[in-house]
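# Survey of secondary and tertiary structure
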Amino acid sequence: MRAHLVRELLAPDVDVVIATTSEDGRDFVRAVDGHDCAVLPGHLAMAFDDHHDYDAARTRRRTLRYLARDLVRDVRAVRELAHSCELVVNDSFHPALLAAHLVDVELARRVVHVHGAHLRDMVAREAWPFRIERWLAHAHASIEHTLDADDDAATLRRRLPPLVAPITRSRAEVLRAHALPPGARVLACYLNPHYRDSSIADDIDAAAARAGLHVVGVGEAFAGSRAGWCATDAAFIDVVAHADVFVSGAGMGALEQARVTGTPLVCLLGDQREQRDNAAARGLDVVDVHDAE
């Protein structure tokens, strides 16, 4: 979604080339804005279960295999895609661009790493003995998403709020778009594709019904199988802005959407350290995904 927002923000003055790690990622980009994107050949993915619990051991095994077998292929693929690009943005620590300096120093000097502040802390811990801070130093710059931004022109490690889409529709327009009656109370819910267990959506729908709320949800695992849910929504910020409550994981994008709209946020969390740190830092209400009742 960040890549889509950047492309929308910079068009038509800047060409933005998007690459992802899977066919599912390509399908998501197509669904959001109708554009195609490249798929890197290494197909690296972090390991999560159906409750969004992060599997550190399995992710580490995947990453070690990737570093030995596929990293060089991905660096070369990025170099080919970015041959005429001035900057290469690495969203959330893909190792091909973290370690690009080991393969292609010129490419590494064009890399800008973008990530959440607590994700940076988690990756630095999990990646030992690899010295991630040293690897980051080879890049052109780093941008950390935080709600306590304090950009410092004297350093190339900048702290900025996450990018969110502008609000473009009124409450009445949002209700009509989702076939809801005037005056309907809304629970907006965004769950990324790692939330796959149907009991999660069951609990959200049941809690909303008890509170007299209509669910307008985005969740790829639940789209098409239950009322009110869809796979993607490029204008979901409008739903959040006019909702009575917002339920989501505690990624920086969701936290910033809640902050700019003023909509109360309830964080639905699995075993994912950096999101728990995000929620704790903001003092947000939290529901454990394993005990949503």
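Up top you'll find the structure we're talking about.
Our subject in this report is the structure included herewith. Because the structure is predicted, anything quoted here is derived from the model rather than measured. (Residues numbered from 1 in each chain as written. Predicted model: local features only at pLDDT ≥ 70, side-chain atom pairs only at ≥ 80, totals over all residues. Heavy atoms only, no water.)

Attention shifts here to the overall build of the protein. Within the protein one finds 13 helices and 12 strands. Expected size for 293 residues packed as a compact globule is a radius of gyration near 19 Å; at 19 Å, the protein falls within 12% of this value. Within the protein, the fraction of its 293 residues that count as buried is 44%. Of all intrachain contacts in the protein linking residues separated by at least 6 positions in sequence, the fraction that spans at least 24 positions is 57%. Roughly 14,800 Å² of accessible area belongs to the protein as shown, and the carbon and sulfur atoms make up 53% of that amount. (Helix = DSSP H or I, 4+ residues; strand = E, 2+ residues; numbered from the N terminus. Rg over C-alpha atoms; globule rule 2.2 N^0.38 Å. Buried < 20%, exposed > 50% of the residue type's maximum accessible area, 1.4 Å probe, protein only. Contact = heavy atoms within 4.5 Å. Areas by Shrake-Rupley, 256 points an atom, 1.4 Å probe, with all protein chains shown as cover.)

Read from one edge to the other, the open sheet built from six strands follows the order S9-S8-S7-S10-S11-S12, with strand pairing classed as parallel. Edge strands, defined here as strands with exactly one partner in the open sheet, are strand S9 (229–230) and strand S12 (285–288). Relative to strand S8 (residues 214–218), strand S7 (residues 186–190) is paired through five bridges, and the arrangement is parallel. Looking across to S8, one finds that Val186 is bridged to His214. Helix H13 (residues 273–282) rests against strand S11 (265–269) and S12 of the sheet, and its axis sits at about 155 degrees to S11. (Pairing = 2+ DSSP bridges. Axes fitted to C-alpha atoms, helices over the stretch in contact; angles between N-to-C directions.)

It is worth spelling out helix H3 (residues 56–69) at this point. Here H3 contains 14 residues, and its C-alpha end-to-end distance of 20 Å stays within 8% of the 20 Å for a straight helix at 1.5 Å per residue. For H3, the N-terminal capping position is held by Asp55, with its side-chain oxygen 3.4 Å away from the main-chain nitrogen of Ala57. (Expected span 1.5 Å × (residues − 1). Polar contact = N/O pair within 3.5 Å; in protein donor to acceptor, adjacent residues only side chain to side chain.)

Viewed as axis vectors pointing N to C, helix H7 (residues 117–126) and H13 meet at an angle of 145 degrees, and their least axial separation amounts to 8 Å. Crossing handedness for the pair H7 and H13: right-handed. Seen from H7, the contacting residues are His118, Leu119, Met122 and Arg125; seen from H13, they are Arg273, Glu274, Asp277, Asn278 and Ala281. Broken down by class, the residue content of the contact of H7 with H13 amounts to three nonpolar, two polar and four charged. (Left-handed = near helix turned anticlockwise from the far one by under 90°. Nonpolar A, V, L, I, M, F, W, Y, C, P; charged D, E, K, R; others polar.)

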